[in-house]
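Architecture at a glance
Residue strings, one per chain:
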Amino acid sequence: MRVYFLSCAPAVLKLNGLYAGSVDGFERHVELDPADRIFAEIVPGDNMQAVNFFLDEKFFSSPPPFVDLYLADGDAFVYVREYSAKDVKIEVVFQTRFNGNLITVFSQGGIYLSAEGAEYSLTPLPQAFKQLRAEKRTLCGRDVLVLYGGNMLAVISDLGKIIFLNAVESAEFGDELKTVTPFETCTAAKAQCTYSYDGEELTLIESVTAESRPPEADILHFAFFESILTCGNYADYLDASLKAKAGQLKSYLGKFVSVTVPPEKFYALHGEIAAAGLVYPKSRNLYEIKYYAVDVENAKITNVYPVE
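Presented here is an overview of the structure given in this document. (Residues numbered from 1 in each chain as written. Predicted model: local features only at pLDDT ≥ 70, side-chain atom pairs only at ≥ 80, totals over all residues. Heavy atoms only, no water.)

**What to know about the pattern of salt bridges**
- A full pass over the atoms with the stated rule returns 10 salt bridges.
- Notably, a salt bridge pairs Arg2 with Glu31, separated by 2.7 Å at the nearest N-O pair. Highlighted residues: Arg2 in strand 1 (residues 2-7) and Glu31 in strand 4 (residues 28-31), separated in sequence by 29 residues.
- For Glu31, a relative accessible area of 51% gives the class exposed.
- A salt bridge links Asp75 to Lys265, with the nearest nitrogen and oxygen atoms 2.7 Å apart. Of the two residues, Asp75 sits in strand 8 (residues 75-80) while Lys265 sits in helix 5 (residues 264-270), which places them 190 residues apart along the sequence.
- Bridged by salt links that share partners, the residues Asp68, Arg81 and Glu82 form one connected network. (Salt bridge = Lys/Arg side-chain N within 4 Å of Asp/Glu carboxyl O. Helix = DSSP H or I, 4+ residues; strand = E, 2+ residues; numbered from the N terminus. Buried < 20%, exposed > 50% of the residue type's maximum accessible area, 1.4 Å probe, protein only.)

Okay, structure coming up:
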């Protein structure tokens with residue numbers, strides 16, 4: 001089995017205690033047999049906690065919570081999604097009283113939001129909220145507390161519940177919540193979403209995905225699959241002979257959650273075909289990658305098929 005290692009932060013990889021190279025956002029790989037039960041340790045910088053695990057059958061069927069594991073063609077991609085800080089003392093980032101609730105954002109290894117009022121809740125937040133700004137806004141005639149952390153937005157209801165938590169480029173509050181969310185796609189697509197609010201929860205009432213730029217010819221197939229994923233105008237990529245079947249593509253491809261670039265080994269086996277890896281969830285932080293290719297004529301897609 002070829003195992004690829006990736007990390008959300010630069011780190012050092014050790015296998016059975018021996019230095020095996022550095023890992024970051026670029027793939028590094030080793031060949032191994034899960035039956036050998038190799039001990040892996042990944043050590044990040046910036047005084048963060050190392051993570052470790054045995055690379056065995058249990059790991060490849062039920063990875064630990066800090067790892068996202070992707071299985072493809074008998075190989076595996078191990079992505080360390082998060083590291084804990086060594087300093088676990090409590091540090092209050094933000095605190096305010098809001099409509100009878102005590103809202104506290106604090107750091108203790110990770111970032112958390114505590115809401116104390118008629119009920120109590122504790123919610124993990126992205127690291128972006130380690131530095132935040134807050135403001136009170138009105139949404140559909142009701143007060144909400146809005147927290148901005150980097151490109152992340154959290155909206156807290158007057159009952160102290162988080163009703164929105166996502167990355168946004170911009171947000172408008174009024175009779176509706178309107179957000180613009182950028183996608184990391186070949187075309188720099190953005191979703192323009194509108195939500196209604198009944199005082200308990202938000203309901204998506206409109207979503208339009210707009211692509212900011214056309215894709216280059218050699219990545220057209222990636223842009224096509226990403227357009228399907230983000231509910232864009234993917235029919236525009238299709239040849240006239242295939243457009244009549246555009247509505248069937250989502251059921252044909254299934255519920256994939258991201259699009260990835262095949263590794264070098266894939267092209268060694270299948271040649272330089274226009275293919276992309278579609279990522280499907282199997283269980284908690286365990287995913288399967290299936291490869292699909294397209295045929296292109298005159299800058300339009302004439303066929304979509306799985307790579308066997």
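**Quick look at the nonpolar core**
- Among the nonpolar cores identified, the biggest contains 36 residues, and Phe77, Phe224, Phe225, Leu253, Ile301 and Val304 are the most heavily contacted of them.
- Listing elements by their share of this core, those giving two or more residues are strand 1, strand 7 (67-72), helix 2 (220-229), helix 4 (249-253), helix 5, strand 22 (275-283), strand 23 (286-297) and strand 24 (300-306).
- When near neighbours in sequence (up to four residues on either side) are disregarded, Leu253 contacts Phe225, Ile228, Leu278, Tyr280, Tyr292 and Val304.
- Ranked by size, the runner-up nonpolar core spans 24 residues in total, among them Leu32, Ala40, Val51 and Val67. (Core = buried A, V, L, I, M, F, W, Y, C linked by side-chain atoms within 4.5 Å. Contact = heavy atoms within 4.5 Å.)

**Describing helix 2**
- Counting buried positions along helix 2 gives nine out of 10 residues, so the element sits mostly inside the fold.
- If you check which residues of helix 2 are buried, you get Leu220, His221, Phe222, Ala223, Phe224, Phe225, Glu226, Ser227 and Ile228.
- Those residues of helix 2 that are buried are in contact with helix 4, strand 21 (258-260), helix 5, strand 22, strand 23 and strand 24.
- Remark: Cys231 follows helix 2 within two positions and exhibits a positive phi of approximately 60°.

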